[in-house]
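What follows is each chain in one-letter form.
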Amino acid sequence: MRHSPAINDTEDLNVLLSRFPRVSLAHLPTPLEHLPRLSKHLGGPEIYVKRDDCTGLGTGGNKTRKLEFLMADAQQRKATAVITQGAVQSNHARQTAAAACKLGLRCVLVFEKRVDDAPESYRTSGNVLLDHIYGAEIREVEKGTDMTTAMQGVADELAAEGESPYIIPGGGSNAIGALGYVDCALELLSQANRNGIAMDHVVHATGSAGTQAGLLVGLKATHSNVPLLGIGVNAPQEIQEDKVWQLALETAEFVGAPGVVQRQDVIANCNYVGEGYGIPTEAMNDAVLLLARLEGLLFDPVYSGKGLAGMIDQINSGVLQNARHVVFVHTGGTAGLFGYREQLRTDA
Ligand SMILES: *Cc1c(COP(=O)(O)O)cnc(C)c1O
């Protein structure tokens, strides 16, 4: 077991983070807003939303925080092109395409046709429309393709053309990208302190694990002891928690705070996935309509909507009964709504 260095407060962690190259892409800090009508409706804890859907780049979302560190690394390595991968309606791909434009880099997106029999708007609207507007080059591969190999193939191709390619993993989830969410934890803690909100729980949708791993490292390294709950949108619990755990270990070490996260800190509830990744559920659809009509907020069908459905069910079933203040991190994805036009019910 590695010994943890002297990390005592948020200032120490800020110093550690400031050593990493970073480009400014996001509107920060994102607001922390109270949701009075949802809180009253559910009759449980006071609910707040951390508006990471408002990071500002190409309709916003959580990947922009990760890309501040990933793109800076790409620039430092003198990259001329970035390659990343995801599902066809990937929010990460869309934010990467936008960041690449802003920084003058070529962008190739490798899409796995993860959703079978996808309707027209899934294939052409929402994030895909924006990818085209950003001029990203799109390569589609069949479901089940090894995406790391596929991206390496594109990298070899680009290198042969004289480019210097930089591969960003799916969701921007490696230790570099997760730094964006270590930073978000610091931002959230400082906002909560300033506004006198004693956070009892933080909840968010978890997929490629970088958001949860980064938040965990940030919350633990500062000794805040606020429990974090990830709502899974893809893998079963054990696989999801292992993925988060591995990346949290790596991120803690990378940032200079090894040993701050314990295995039992990693909690992912994967009971709200439904039939699978990107397949709408009734509860997600209800949650999207509820938040729109009570608070004027938009959530997405693949991630934040399922995360919200999970949080609402956890409150309704009494699991978060003793919490007085719960913060839901809105990770974005609103553009994805347009890709789900045929699959979304708009009557409550
Ligand atoms: C990618 C994404 C997530 C999940 O974040 P990870 O870091 O991949 O776990 C949640 N919400 C939205 C809208 C996303 O695009």
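In this text, all values refer to a predicted model and were calculated from it rather than measured experimentally.

Next up on the list: the sheet that holds strand E3 (residues 81-87). Pairing is parallel across the open sheet formed by four strands, whose spatial order is E5-E4-E3-E6. What marks the edges here is a single partner per strand, and that holds for strand E5 (137-141) and strand E6 (165-167). Each adjacent strand pair in this sheet contributes to an overall mean axis angle of 25°, direction not counted.

Right, let's talk about the site of the ligand for a bit. Lining the immediate environment of the ligand, one finds 17 residues, of which Lys63, Lys66, Ser208, Thr211 and Thr331 sit closest. Within the side chain of Lys63, an N or O atom sits 2.9 Å from an oxygen atom of the ligand. Between the ligand and Thr211, the relevant distance is 2.6 Å, taken from an oxygen atom to a side-chain nitrogen or oxygen of the residue. Put simply, the parts of the chain that give the shell around the ligand at least two residues each are helix H3 (63-76), strand E7 (201-206) and helix H9 (210-221). For the shell around the ligand, a count of residues per class yields three nonpolar, 11 polar and three charged.

For the rest of this paragraph, the subject is the nonpolar core. If you look at the biggest cluster of nonpolar residues, it comprises 102 residues, and the most contacted ones within it are Met71, Val82, Met199, Val255 and Met311. Of all the elements, helix H8 (residues 175-194) adds the most residues to this core, at 10 residues. Residues in contact with Val82, not counting those within four places in the same chain, are Met71, Ala74, Thr96, Ala100, Leu105, Arg106, Cys107, Val108, Tyr166 and Ile168. Within the second largest apolar cluster, 11 residues are counted, among which are Ile83, Val108, Val110 and Val141.

A few words on the pairing of E7. Of all the six residues making up E7, six are buried; the element is thus mostly covered by neighbouring parts of the structure. Relative to strand E10 (residues 325-330), E7 runs parallel, the two sharing three bridges. Each residue of the ladder has a partner; that of Val202, found in E10, is Val327. Crossover connection from E7 via H9 to parallel strand E8 (residues 228-232): handedness right-handed.

Another point: helix H12 (residues 304-316). If you check H12, its first and last C-alpha atoms are 18 Å apart, about what 13 residues at 1.5 Å a residue would give, namely 18 Å. Among the 13 residues that make up H12, 11 are buried, leaving the element largely enclosed by the rest of the structure. Within H12, burial applies to Ser304, Gly305, Lys306, Gly307, Leu308, Ala309, Gly310, Met311, Ile312, Gln314 and Ile315. Positive phi shows up at Gly318, right after H12, with a value of about 85°.

All chains considered together, the criterion is met by 22 salt bridges. Lys113 is paired through a salt bridge with Glu142; the nearest N and O atoms lie 3.2 Å apart. With Lys113 in the loop between strand E4 (106-112) and helix H5 (120-124) and Glu142 in the loop between E5 and helix H7 (147-160), the pair connects residues that are 29 residues apart, well separated along the chain. A residue is classified by how much of its surface remains accessible, and Lys113, at 32% relative accessible area, is partly exposed. Given a relative accessible area of 52%, Glu142 falls into the exposed group. Put simply, Asp286 and Arg345 hold a salt bridge, and the shortest N to O gap is 3.0 Å. One end of the pair, Asp286, is in helix H11 (residues 282-295); the other, Arg345, is in the segment after E10, with 59 residues separating them in the sequence. When its relative accessible area of 40% is taken as the criterion, Asp286 is described as partly exposed. Through salt bridges with shared partners, a single network forms among Lys50, Asp52, Arg65 and Glu187.

With that settled, the discussion passes to unusual backbone geometry. The step from Leu28 to Pro29 runs through a cis peptide bond, and the omega angle for that step is -5°. Here Pro29 lies in the loop between helix H1 (10-17) and strand E1 (32-34). With a phi close to 90°, Ala209 is a non-glycine residue in the positive phi region. Its location among the elements puts Ala209 in the loop between E7 and H9. Note on Ala209: relative accessible area 2%, which makes it buried. A positive phi angle, close to 55°, is found at Asn225, a residue other than glycine.

When we look at a pair of aromatic rings, we describe it by the centre distance and by the angle of the planes. Considering all chains together, one arrives at four aromatic pairs under this definition. An angle of 40° between the planes, with centres 4.9 Å apart, marks the rings of Phe20 and Phe254 as tilted. Of this pair, Phe20 sits in the loop between H1 and E1 while Phe254 sits in helix H10 (residues 237-255), and the two are 234 residues apart along the sequence. The exposure class of Phe254 is partly exposed, given its relative accessible area of 35%. The ring centre of Tyr181 lies 5.7 Å from the NZ or CZ of Arg65, which sits over that ring. Lying over the aromatic face of Tyr277, Arg114 brings its terminal NZ or CZ to 4.4 Å of the ring centre.

Another aspect to go through is the sheet that holds E1. Pairing between the strands of a sheet comes from backbone hydrogen bonds, and it takes one of two forms, parallel or antiparallel. Spatially, the six strands line up as an open sheet ordered E1-E2-E10-E7-E8-E9, and their pairing is mixed. Two strands close off the open sheet at either side, each with one partner strand: E1 and strand E9 (268-269). Two strands pair when backbone bridges link them, and E1 and strand E2 (residues 46-51) are joined in this way by three bridges, in the antiparallel orientation. Across the sheet, residue His34 finds its bridge partner in E2, namely Tyr48. On top of the sheet, H9 reaches E7, E8, E9 and E10; it is set at about 175° to E8, its chief contact. The strands touched by H12 within the sheet are E2, E7, E8, E9 and E10, with E10 carrying the most contacts at an inclination of about 165°.

Scoring rules and cut-offs
Residues numbered from 1 in each chain as written. Predicted model: local features only at pLDDT ≥ 70, side-chain atom pairs only at ≥ 80, totals over all residues. Heavy atoms only, no water. Pairing = 2+ DSSP bridges. Helix = DSSP H or I, 4+ residues; strand = E, 2+ residues; numbered from the N terminus. Axes fitted to C-alpha atoms, helices over the stretch in contact; angles between N-to-C directions. Near = heavy atom within 4 Å. Polar contact = N/O pair within 3.5 Å; in protein donor to acceptor, adjacent residues only side chain to side chain. Nonpolar A, V, L, I, M, F, W, Y, C, P; charged D, E, K, R; others polar. Core = buried A, V, L, I, M, F, W, Y, C linked by side-chain atoms within 4.5 Å. Buried < 20%, exposed > 50% of the residue type's maximum accessible area, 1.4 Å probe, protein only. Contact = heavy atoms within 4.5 Å. Right-handed = clockwise from strand over helix to strand, strands pointing away. Expected span 1.5 Å × (residues − 1). Salt bridge = Lys/Arg side-chain N within 4 Å of Asp/Glu carboxyl O. Phe/Tyr/Trp six-rings, centres within 6.5 Å; stacked < 30°, edge-to-face > 60°. Lys NZ or Arg CZ within 6 Å of the ring centre and 35° of its normal.

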